[in-house]
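Structural characterization, general
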Amino acid sequence: MWLAFGLWTVFVAVALSRLLANSSPTVWVVHDEGSPKSAQKARAMFRTDAGLQRIYPWVLFGPYVALLAGCFPLERGRLRLSLPLNLGACGIFAVTCHLVNTRTSLKATNIMFVQSQATGAHKTNVVQIEMFQGGGRGSISDHIQKNFAFSGATNAGHSNLIGITGQHDFTDPHLTNLLAQLPPAMRPGLKPPPPAVALLPTFLDLLAYGAIIGLMHSVHFYRRFRERERSALVLESNLANARLSALRAQLHPHFLFNSLNAIAALLRRDPRLAEATLMSLSDLLRLALSQAEKQEVPLREELNFVNRYLEIQQTRFGDKLRVEQDVPPQTLDCRVPTLLLQPLVENAIRHGIEPTENGGLLRITAHRCNGKLLMTVEDDGVGIANKAIDVDSTNASLAAESTPLPVARNGIPITKVVPNNGTGIGLANLRARLETLYGRNQALELVSRPHRGVIVRIEIPWH
Amino acid sequence: MSVRAIIADDEPLARERVRSLLAGESDVQIIAECSNGAQTLKATEEHRPDLLFLDVQMPRLNGFEVIEALEPAQIPVVVFTTAHDEHAIRAFEVNALDYLLKPFTEARFKTAVQRARDQLEKSGRREQSSQIAGLMNHVHAATPGGGRILVRSPERIVFLKPDEIDHVEAAGNYVVLHAGKERHIVRETTAAMEARLASTGFMRISRSFIVNLARIREVQPVGPGQYSVLLKNGTRLDMTCSLSELQARLAEI
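Residues numbered from 1 in each chain as written. Chains lettered and ligands numbered in written order. Predicted model: local features only at pLDDT ≥ 70, side-chain atom pairs only at ≥ 80, totals over all residues. Heavy atoms only, no water.

**Details of the overall build of chain B**
We apply this condition: Helix and strand assignments come from DSSP, with helices taken as H or I runs of at least 4 residues and strands as E runs of at least 2, each series counted from the N terminus. Any residue under 20% of the maximum accessible area for its type is buried, any over 50% is exposed, and the rest in between are partly exposed; the area is computed with a 1.4 Å probe on protein chains only. Only heavy atoms matter for contacts: two residues are in contact if any of them lie within 4.5 Å across the pair.
What chain B contains, in helices and strands, is 8 helices and 15 strands. With 253 residues in all, chain B has 50% of them scored as buried. In chain B, the share of contacts with a sequence separation of at least 24, taken over all contacts with a separation of at least 6, comes to 57%.

So, in structure tokens, the structure goes:
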């Protein structure tokens, strides 16, 4: 695209230099066969020509305006920069158009003569148009005389000047010179246009600018709309994936059968606990199966789900799994993505605490901080083995040795987990969902401290 | 005759389940309970039980690694337990080993205990040892990349990843794994080690040597039709296989 703009700039430069360099006026002489209609036709042609002249700068500079509008659209949140930029560009556009027009109109001044021939009133309706350029090959007057066998004195009654197009500088020597060459009878009585009319071209320029901007914006917002539509689809599919993997985790045969085995063991010793565990398990399965199709739920609901899961895991592992929660009540109503914590808790247990000898501590925290909800899921288990982390994360692990936690810049993860052990897939899914839901206004980082566990930190807007 | 048993499972309730079911078997005496593989290995070597209830998924060493780390003579009659592990189950089936799928019924459990008792009475451990050898081969074959290679020394257990090994040297019924500056002795035949490492970029270049192809720096002629392999760490190994064979394998990687 930038190449195209480069070429266009070259074209504009050439076109402008050609438009501006040749400053001698052009005269159009229309030889009318006598019908009033043809005069009208000629007039219309003049107007078109005048209009075209006006359009040149629009065409030349339009792409730049479009580029600017594309790069700095006038939309909420970006107005501080894009509004002054657009206003400035608008001013520059109007001034440039005006300058180019004044300059081009000088040399492309169109003066039309209509020569009516009384005898040919019923002849064909042909309008003959000749164009002369002043300067160079003799005077305009000679041309007129030669081509139209024109004599100002005899035809004075039938000739009239019907138009001068372009923006005229009535003090322009070229123009006055040109008019002076005409037979006296044909010299038009030029009057400067009223001031309101003088402003009209600039008004038109602004209108053109508005039209270009408007067009670009409608394209921009249409695209944005399509993007939103698409990201909504992506969100939906990510949620579906999350739901599916949570369901799979709940229905993971290892988890399910071990839980059932634990319940079978409990039935003899502690039927009440066995019953409670069975209820937790069925609650969990039901929640996993019927997870509302909402992208976000209050933290309370997400924690409820996680707690059912933790109850079962604690029954299975006994003292080996200790759980700490630091979730102030005022955070419970904050909305979080559905199934945000569950996969993290599951990872912490499966990959952090289960492999340890003496068990470990799982900590879940949530806090409000600078208009954001900050959540952590932390375990003090074995950490992620080096194989699960790619080279980039070495620094992260080192950085993690010092407190406070390194904060990911721009939400770019400082630790990447290779999706090979289930951890990565869950996290990648979560990251994609957070990105689609909150754009750059979120962060997800995973810090692995070998043999001292893993901390996953999530930041989302408080809402 | 009393049967001395060890229960190994990382979940307390799973151990409790086995314990409570064993309460009905008056001749079975529980001598230890272990919650991870390393403990199980230690307890088995120390107490020399007759019967081991062994969970496959355990932290530290898993059930199979425990078996692999034990001297064959020390391996008791094993009843494997698992909640779900398709690979393990297939390995058990193929090698006709008894296993319990959690949760299991009391009747199923009694059958397993009875079979173990029968094996102990007719001293069927020898039969089991061939089954176990088959099981281990099956497990190694099913593990992508040959899995970790377990190396035992009196003090510690080391797991080597195949790509850590430079070359393997035959030494009678043992092989010596050369990994960097370390030497590890593993009781395994050269042929078995060759089979295990073949898929991970190793090649047997003579009766005595299996070499990690990625570690080869150059091949040098030492006589008419004779070559030796120079490893990146400077080790020189004689080669008896043909050069073209080696080239073919090197081209693969």
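Back to the write-up after that little detour.
**Quick look at the overall build of chain A**
Our working definition: The method behind every accessible area is Shrake-Rupley, applied with a 1.4 Å probe, and residues are considered shielded solely by the protein chains displayed.
A tally of regular secondary structure across chain A gives 12 helices and 11 strands. A buried classification covers 45% of the 463 residues belonging to chain A. Partitioning the intrachain contacts of chain A with sequence separation of at least 6 by distance along the chain shows that 78% fall at a separation of at least 24. Within the structure as shown, chain A displays about 24100 Å² of accessible surface, and the carbon and sulfur contribution to it stands at 61%.

**Considering the confidence of the model for chain A**
As a reminder of what qualifies: Predictor confidence is given residue by residue as pLDDT, running from a minimum of 0 to a maximum of 100.
Residues with a pLDDT of 70 or more make up 60% of chain A, whose mean pLDDT is 72. Note that residues 116-128 of chain A has pLDDT below 50 and, in this model, 23 contacts with residues that lie over four places away or in other chains.

**Digging into the sheet that holds strand 8 (residues 167-171) of chain B**
All names here are of chain B. The criterion, for reference: Strands pair, by our definition, only if DSSP identifies at least two bridges between them. Lines fitted to C-alpha atoms define the axes, with helix axes restricted to the stretch in contact, and inter-axis angles between N-to-C directions lie between 0 and 180 degrees.
With antiparallel pairing, the 5 strands of this open sheet are ordered in space as 10-9-8-12-11. Whereas interior strands pair on both sides, the edge strands pair on one side only; in this sheet they are strand 10 (182-186) and strand 11 (202-204). Along the sheet, successive strands turn relative to each other by an average axial angle of 20°, direction set aside. When strand 8 meets strand 9 (residues 174-179), the two strands line up antiparallel, connected through 5 bridges. In the sheet register, Val-168 faces strand 9, and the bridge partner there is Leu-177. Its contacts with the sheet put helix 7 (residues 190-197) on strand 8, strand 9, strand 10, strand 11 and strand 12 (209-212), and the angle it makes with strand 11 is roughly 150°.

**Regarding the interface of chain B and chain A**
Put simply, the rule is: Each of two parts loses accessible area, computed with a 1.4 Å probe, when they are put together; buried area is these two losses added. Note on definitions: salt bridges are taken to be side-chain nitrogens of Lys or Arg within 4 Å of carboxyl oxygens of Asp or Glu. Pairs of N or O atoms are called polar contacts if they sit within 3.5 Å, as long as, within protein, a hydrogen donor faces a hydrogen acceptor (for residues adjacent in sequence, only side-chain-to-side-chain pairs). Each residue gets one label: Ala, Val, Leu, Ile, Met, Phe, Trp, Tyr, Cys and Pro are nonpolar, Asp, Glu, Lys and Arg are charged, and the others, such as Gly, are polar.
Taken residue by residue, the interface counts 20 residues in chain B and 21 residues in chain A. Carbon and sulfur atoms make up 52% of the surface buried where chain B meets chain A, a total of about 1900 Å² over both sides. Contact with chain A buries surface across chain B, with Glu11(B), Leu13(B) and Arg17(B) losing the most and accounting together for 31% of the total. Put simply, chain B and chain A have 3 salt bridges between them. Summed over the shared surface of chain B and chain A, the number is 4 residue pairs in polar contact (both at pLDDT 80 or more). With 7 residues, the single largest contributor to the side of chain B that touches chain A is helix 1 (residues 12-22) of chain B. Looking at the side of chain B that touches chain A, its residues break down into 8 nonpolar, 5 polar and 7 charged.

**Thoughts on the nonpolar core**
All names here are of chain A. The condition that has to hold: Grouping buried Ala, Val, Leu, Ile, Met, Phe, Trp, Tyr and Cys residues that are joined through side-chain atoms within 4.5 Å yields what is termed a nonpolar core.
Ranked by internal contacts, the top residues of the largest apolar core, which has 52 residues, are Leu-341, Val-345, Leu-362, Met-375 and Ile-458. The element best represented in this core is helix 9 (residues 299-317), accounting for 8 residues. When residues no more than four places from it in sequence are discounted, the contact partners of Met-375 are Leu-299, Val-336, Leu-340, Leu-341, Thr-365, Ala-366, Val-456, Arg-457, Ile-458 and Ile-460.

**Some thoughts on the packing of helix 9 of chain A against helix 10 (residues 341-353) of chain A**
All names here are of chain A. The test is simple: Every angle not falling under 35 degrees, over 145, or within 65 to 115 is termed oblique; those three ranges are roughly parallel, roughly antiparallel and roughly perpendicular. It is the rotation of the near helix from the far one that decides the hand of a crossing: anticlockwise by less than a right angle makes it left-handed, clockwise makes it right-handed.
Contact pair helix 9 / helix 10: the axes reach a minimum separation of 9 Å and the direction vectors enclose 20°. Judged on the interaxial angle alone, helix 10 and helix 9 are roughly parallel. Crossing of helix 9 over helix 10 shows right-handed handedness. Residues Leu-299, Glu-302, Leu-303, Phe-305, Val-306, Tyr-309, Leu-310, Gln-313 and Phe-317 of helix 9 pack against Leu-341, Gln-342, Val-345, Glu-346 and Ile-349 of helix 10. Across the contact of helix 9 with helix 10, the residue classes tally to 10 nonpolar, 2 polar and 2 charged.

**Re the pattern of salt bridges**
All names here are of chain B. Under the counting rule described, the total for this entry stands at 30 salt bridges over all chains. In this structure, Lys-110 and Glu-25 form a salt bridge, with 3.2 Å as the shortest nitrogen-oxygen distance. Taken as a pair, Lys-110 in helix 5 (residues 106-121) and Glu-25 in the loop between helix 1 and strand 2 (28-34) lie far apart in primary sequence, 85 residues in all. Of the residues examined, Lys-110 reaches a relative accessible area of 34% and is grouped as partly exposed. Residue classification places Glu-25 among the buried residues on the basis of a relative accessible area of 9%. A salt bridge links Glu-46 to Lys-42, with the nearest nitrogen and oxygen atoms 4.0 Å apart. Of the two residues, Glu-46 and Lys-42 both sit in helix 2 (residues 37-47), 4 residues apart, roughly one turn of that helix. As far as the burial class goes, Glu-46 and Lys-42 line up, both exposed.

**As for the pairing of strand 15 (residues 236-239) of chain B**
Residues and elements named next belong to chain B. By the alternation rule, side chains of strand 15 split into Leu-237 and Met-239, which are all buried, and Arg-236 and Asp-238, of which none is buried. Bridging between strand 14 (residues 226-231) and strand 15 involves 4 bridges; their strand directions are antiparallel. Residue pairing in the sheet places Leu-230 in a bridge with Arg-236 of strand 15. A loop of 4 residues connects strand 14 with strand 15, the two strands running antiparallel in sequence, and Gly-234 in this loop sits at a positive phi of about 95°.

**Focus on the side chain of Ser82(A)**
Residues and elements named next belong to chain A. Looking at the secondary structure, you find Ser-82 in helix 3 (residues 79-107). Given a relative accessible area of 2%, Ser-82 falls into the buried group. Other than its neighbours up to four places away in sequence, Ser-82 contacts Phe-72, Pro-73 and Leu-74.

**Some remarks on the environment of Gly201(B)**
Residue and element names in this part refer to chain B. Tracing the sequence through the fold places Gly-201 in the loop between helix 7 and strand 11. Sequence separation between Gly-201 and Leu-213 is 12 residues; the distance between their C-alpha atoms is 5.8 Å. Excluding anything up to four places from it in sequence, Gly-201 contacts Val-211, Asn-212, Leu-213, Ala-214 and Arg-249.

**So, the state of the cysteines**
What counts, and what does not: We call a pair of cysteine sulfur atoms a disulfide when they lie within 2.5 Å.
Scanning all chains against the criterion turns up 0 disulfides over all chains. Cysteine Cys97(A) remains unbridged, with the sulfur of Cys90(A) as its closest cysteine sulfur at 9.7 Å.

**What to know about the packing of helix 7 (residues 253-269) of chain A against helix 9 of chain A**
All names here are of chain A. Remark: helix 7 packs on helix 9, axes separated minimally by 10 Å, with the N-to-C direction vectors making an angle of 60°. Classified by the interaxial angle, the pair formed by helix 7 and helix 9 is oblique. In the crossing of helix 7 with helix 9, the sense of the turn from one axis to the other is left-handed. For the pair formed by helix 7 and helix 9, the contact residues are His-254, Phe-255, Asn-258, Ser-259, Ala-262 and Leu-266 on the first element and Tyr-309, Ile-312, Gln-313, Thr-315 and Arg-316 on the second.

**Overview of the confidence of the model for chain B**
Averaged over all residues, the pLDDT of chain B equals 86, while 96% of them reach at least 70. Across the interface, the model reports ipTM at 0.75; the global pTM reads 0.59.

**Points about helix 2 of chain B**
An α-helical turn contains 3.6 residues, so a residue and the one three or four places further along point in the same direction. All names here are of chain B. The complete set of buried residues in helix 2 reads Gly-37, Thr-40, Leu-41, Ala-43 and Thr-44. Residues of helix 2 that are buried in the fold lie against strand 1 (3-8), strand 2, strand 3 (51-55), helix 3 (63-69), strand 6 (149-152) and strand 7 (157-160). The backbone nitrogen of Ala-38 lies 3.0 Å from a side-chain oxygen of the residue at the head of helix 2, namely Asn-36. Of the residues trailing helix 2, Arg-48 is marked for its positive phi of about 45°.

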